[in-house]
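# Chains, contacts and geometry: an overview
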Amino acid sequence: VLAVPVLFKQALENMEMEEGKSVSLRCELTKADATVVWKKGAATLQASAKYEMKQKGTVAELVIHNAEPEDA
């Protein structure tokens with residue numbers, strides 16, 4: 001049995017944010033509940049007061065709280 005690869009149905013888009021506000025980044029996958037890892041450069045982001053990761057079905061979301069220019 002061949003495993004079907006998980007692909008992006010809707011990729012991330014660039015967003016402008018206001019400093020100090022929250023911003024939500026979303027992507028949609030071809031397979032529900034696939035494992036999603038969020039990265040900034042080579043660093044893997046971990047859930048914290050700053051980064052909130054959500055996933056429901058095929059939609060994965062990263063919420064960045066108190067956004068700063070360094071979050072670009």
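Residues numbered from 1 in each chain as written. Predicted model: local features only at pLDDT ≥ 70, side-chain atom pairs only at ≥ 80, totals over all residues. Heavy atoms only, no water.

Put simply, the rule is: UniProt positions are given in the numbering used here, feature names are shortened, and annotations may be inferred rather than shown by experiment.
Per an unreviewed UniProt entry, the chain goes by OBSCN protein and derives from Aramus guarauna. Taken from UniProt, the Subcellular location (unreviewed entry) comment for the chain reads in full: "Cytoplasm".

### Observations regarding the pairing of strand S5 (residues 51-56)
Stated formally: Paired strands, as defined in this entry, are two strands with at least two bridges between them according to DSSP. By the criteria applied, helices consist of DSSP H or I runs no shorter than four residues and strands consist of E runs no shorter than two, each listed in order from the N terminus.
For S5 and strand S6 (residues 59-64), the ladder comprises six bridges, and the chain directions are antiparallel. For Glu 52, the partnering residue across the bridge sits in S6 and is Val 63. In textbook terms, the turn of a hairpin is the stretch between consecutive antiparallel strands, and for S5 and S6 this stretch comprises two residues, one of which, Gly 57, has a positive phi near 60°.

### A short note on the nonpolar core
For clarity, the threshold we go by: Each nonpolar core is a collection of buried residues, namely Ala, Val, Leu, Ile, Met, Phe, Trp, Tyr and Cys, held together in the definition by side-chain atoms within 4.5 Å. Three labels apply to residues, based on accessible area from a 1.4 Å probe with only protein chains included: buried if under 20% of the type maximum, exposed if over 50%, partly exposed otherwise in between. Residue contacts are counted whenever heavy atoms from the two residues lie within 4.5 Å of one another.
Within the largest apolar cluster, 11 residues are counted, these being Val 23, Leu 25, Cys 27, Leu 29, Ala 34, Trp 38, Leu 45, Tyr 51, Ala 60, Leu 62 and Ile 64. When contributions to this core are tallied by element, the ones reaching two or more residues are strand S2 (23-29) and S6. Considering each element in turn, this core owes the most residues, four residues, to S2. Not counting the four nearest positions on each side in its chain, Ala 34 is found in contact with Val 6, Leu 29 and Gln 55.

### Some words on the UniProt feature "domain: Ig-like" (unreviewed entry) in the chain
When the UniProt feature table is mapped to this numbering, "domain: Ig-like" (unreviewed entry) covers residues 5-72. The annotated region residues 5-72 carries 0% helix and 38% strand content, and the separation between its end C-alpha atoms amounts to 29 Å.

### Here's the deal with the layout of surface pockets
Rolled over the atoms, a probe sized like a water molecule indicates the empty space that remains. Convention followed: The way it works is a 1 Å grid over only the protein atoms, where trapped points that fit a 1.4 Å probe form a cavity and open points with protein on both sides within 12 Å along at least five of seven lines form a pocket, and then any residue with an atom within 4 Å of a point lines it. Grid points are joined across faces, edges and corners, and a volume is the space filled by probe spheres set on the points. When residue character is reported, Ala, Val, Leu, Ile, Met, Phe, Trp, Tyr, Cys and Pro are called nonpolar, Asp, Glu, Lys and Arg charged, and the others, Gly included, polar.
Of the pockets and cavities examined, the largest pocket occupies roughly 320 Å³. Put simply, the parts of the chain that give the lining of the largest pocket at least two residues each are S2, strand S3 (39-40) and S6. When its residues are assigned to classes, the lining of the largest pocket shows 11 nonpolar, one polar and four charged.

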